[in-house]
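Here is what each chain is made of, one letter per residue.
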Amino acid sequence: MITPEEKEKIKEEIVTKVNTVLEKNNESFRMDKVNVLNKNETVKFMGNYRVYDRKNYHSVSSEINTFLKKYGDVDIKSKKIRDSGMKFTTVSFNFEL
């Protein structure tokens, strides 16, 4: 099991990296936090972000996914959304340590 300090460090690293990539690609969405689920022997990290400009989706998701994979096996799912005339792609991810 990882320490509370390690959990906080990982959460901060993820939020910082995702927001840096989104900002670099002129995306308006910013990630606030990463959720943590403490299990008996592992800790599950979960988060999501949005990409509004679909032309940016591949470069944004590629860079973020490469970063996330340094933590091991990451489950990543994306879905195109059209809500009240807005179009964006939402991406959710989770992994266990």
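### Here we look at the side chain of Asn25
Thinking step 1. In this fold, Asn25 is placed in the loop between α1 (4–24) and β1 (35–38).
Thinking step 2. If we ignore the near neighbours within four places in the chain, the residues touching Asn25 are Asn56, Ser59 and Val60.

### Section: the packing of aromatic side chains
Thinking step 1. Summed over all chains, the structure comprises four aromatic pairs.
Thinking step 2. Each ring, one from Tyr52 and one from Phe88, has its centre 5.2 Å from the other, and the planes form 50°; the classification is tilted. Within this pair, whereas Tyr52 is found in the loop between β2 (43–51) and α2 (57–68), its partner Phe88 is found in strand β4 (residues 86–96), the two being separated by 36 residues in sequence.
Thinking step 3. Relative accessible area serves as the criterion here: at 22%, Tyr52 is assigned to the partly exposed category.
Thinking step 4. Relative to Tyr71, the ring of Phe67 lies with its centre 5.8 Å away and its plane at 85°, an arrangement referred to as edge-to-face.
Thinking step 5. The buried category is assigned to Tyr71, whose relative accessible area is 11%.
Thinking step 6. Among the aromatic residues, ring-to-ring pairing joins Phe45, Phe67, Tyr71 and Phe95 into one connected group.

Rules behind the numbers
- Residues numbered from 1 in each chain as written.
- Predicted model: local features only at pLDDT ≥ 70, side-chain atom pairs only at ≥ 80, totals over all residues.
- Heavy atoms only, no water.
- Helix = DSSP H or I, 4+ residues; strand = E, 2+ residues; numbered from the N terminus.
- Contact = heavy atoms within 4.5 Å.
- Phe/Tyr/Trp six-rings, centres within 6.5 Å; stacked < 30°, edge-to-face > 60°.
- Buried < 20%, exposed > 50% of the residue type's maximum accessible area, 1.4 Å probe, protein only.

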